[in-house]
Amino acid sequence: MDVAALSQQLAKKSPSPVYLVLGTQQVLQRQARQVFEKLIPQEERVMNIGAYDMEDTPVSVAVDDAMSAPFFGERRLVIINKPYFLTGQRGKTKVEHDVDGLKKYLANPQPTTVLVFLAPYEKLDGRKAVVKALKKVAVTVDAAPLNERAARQAVQKLFAAEGVTIAPAALDELVRRTNSDYGLMSARVKQLTLLAYPHKEVTAKQVAGLVPQSLDDNVFHLVNAVLQKNHRLALDLYHQLIESQTAPLSINAALVNQFRLLIQLKVLSSRGLSQAGLAKKLRVHPYRVKLGIQTARHFSLKSLTNAFLGLVNVDKQLKTTSQSPELLFQLFMLQLSK
């Protein structure tokens, strides 16, 4: 179940006693928490909501709270945040957790308490007995990062809730400038809604004016210019990055990383790996994989390798000589053309 389905379900029927919100998309974790908090009337929240961070607080404290009766209300909400002991990770601090006590509670949860585990992790350690006990009783809510298609749909719903539409070209621009990261996209909805007033439609021009391009986004255009051996455009883009106060070493490092990714995608995609498989194996955002594959298919492995090695040499010279970064980049382009 996703967060939207959770919201719809809780609006129609009583909540289950235990929930697990699992996934690394922070905005979805936050939205899920807000949905659960709405279960408690505003005037009761101080007394009937308890939130505990497992990196600071023993789980026994949260369990004791969960076993308590609601204070002049229908139910209590107890939130267990960052339950790292459900994974293979170690805590940042030495907190003793009574896992056996938690297992006993899960075997017989308090009917007037909604116990929510906010687990900002990719997965839990299924070998642990406490995880098995949790999964038997908990309703799982998916908070994994959204793919591009799902992120587009979710953002369109956010705009619709504000009484605003977003033009297709504007949505494309927003996806491009945020690498289709739903967290970054959703963070701009309120601002773009204000910009759209009174016309009630967000335009591509408004997105371009509000949402800055990341270094990776600028480098993506620079990479294409390099591979197409378009000297004038490549030098102009490089000069723009320098003028924006981006350090030459940072620009070159981003270029090296991008060409390394293109080489990896070229090799691995030839072995039949899907976009999703490549994103997981390389630990790269699916949108970057999608754009990378589109670029890599137009160039040979030799061309990509030559550019990569040339940029590695530029990196060495940037660190060991006092030559102008723009001159070194120009020499790199000339050498690549040969």
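Values in this document were obtained by computation on a predicted structure and should not be read as measured data.

1. Comments concerning the sheet that holds strand E2 (residues 49-53)
Sheets are built from strands paired through backbone hydrogen bonds, the pairs being either parallel or antiparallel.
Item 1. Spatially, E2-E3-E4-E1-E5 is the arrangement adopted by the 5 strands of the open sheet, whose pairing is parallel. The strands lining the two open edges of the sheet, one partner per strand, are E2 and strand E5 (139-142). Strand-to-strand twist of the sheet, defined as the mean angle between neighbouring strand axes without regard to direction, takes the value 15°.
Item 2. As paired elements, strand E1 (residues 18-22) and E5 share 4 bridges and run parallel to each other. Looking across to E5, one finds that Val 21 is bridged to Val 141.
Item 3. Running at roughly 165° to strand E3 (residues 76-81), helix H4 (residues 59-67) makes contact with E2, E3 and strand E4 (113-119) of the sheet.

2. What to know about the side chain of Thr 178
Item 1. Within the secondary structure, Thr 178 is located in helix H8 (residues 168-178).
Item 2. At a separation of 2.7 Å, a polar atom in the side chain of Thr 178 contacts the main-chain carbonyl oxygen of Leu 174.
Item 3. Once residues lying within four places of it in the same chain are set aside, the contact partners of Thr 178 are Leu 184, Met 185 and Val 211.

3. As for the UniProt feature "domain: DNA polymerase III delta subunit-like C-terminal" (unreviewed entry) in the chain
Item 1. Here the UniProt feature "domain: DNA polymerase III delta subunit-like C-terminal" (unreviewed entry) sits at residues 217-336.
Item 2. Secondary structure within residues 217-336 divides into 81% helix and 0% strand; the distance between the first and last C-alpha atoms comes to 22 Å.

4. As for the pattern of salt bridges
Oppositely charged side chains may form a pair once their charged atoms are brought near each other.
Item 1. Per the counting criterion, the structure on display carries 13 salt bridges.
Item 2. Between Asp 125 and Arg 127 there is a salt bridge whose closest N-O contact spans 3.0 Å.
Item 3. For Arg 127, a relative accessible area of 71% corresponds to the exposed category.
Item 4. For Glu 173, the salt bridge goes to Arg 177, with nearest N and O atoms at 2.6 Å. Here Glu 173 pairs with Arg 177, and both are found in helix H8, just 4 residues apart, close to one helical turn. The exposure classification of Glu 173 matches that of Arg 177, with both residues buried.
Item 5. Among the charged side chains, a network of salt bridges with common partners joins Glu 148, Arg 152, Asp 172 and Lys 290.

5. What about the confidence of the model for the chain?
Item 1. Residues with a pLDDT of 70 or more make up 100% of the chain, whose mean pLDDT is 91.
Item 2. Across the chain, the secondary-structure element scoring lowest on mean pLDDT is helix H12 (residues 215-227), at 83, and the one scoring highest is E1, at 97.

6. Comments concerning H8
Item 1. Of all the positions in H8, only Ala 170, Leu 171, Glu 173, Leu 174, Val 175, Arg 177 and Thr 178 are classed as buried.
Item 2. Positive backbone phi, approximately 55°, marks Asn 179, located one or two places after H8.

7. A closer look at the pairing of E4
Item 1. Extensive coverage of E4 is indicated by the burial of 7 of its 7 residues.
Item 2. Pairing geometry for E1 and E4, over 5 bridges, is parallel. Note on E4: the bridge partner recorded for Leu 20 is Phe 117.
Item 3. Where E3 meets E4, 6 bridges bridge the pair, whose relative direction is parallel. Across the sheet, residue Leu 77 finds its bridge partner in E4, namely Val 114.

The rules behind each value
- Residues numbered from 1 in each chain as written.
- Predicted model: local features only at pLDDT ≥ 70, side-chain atom pairs only at ≥ 80, totals over all residues.
- Heavy atoms only, no water.
- Pairing = 2+ DSSP bridges.
- Helix = DSSP H or I, 4+ residues; strand = E, 2+ residues; numbered from the N terminus.
- Axes fitted to C-alpha atoms, helices over the stretch in contact; angles between N-to-C directions.
- Contact = heavy atoms within 4.5 Å.
- Polar contact = N/O pair within 3.5 Å; in protein donor to acceptor, adjacent residues only side chain to side chain.
- UniProt positions renumbered as here; feature names shortened; annotations may be inferred.
- Salt bridge = Lys/Arg side-chain N within 4 Å of Asp/Glu carboxyl O.
- Buried < 20%, exposed > 50% of the residue type's maximum accessible area, 1.4 Å probe, protein only.
- pLDDT = per-residue confidence, 0-100.

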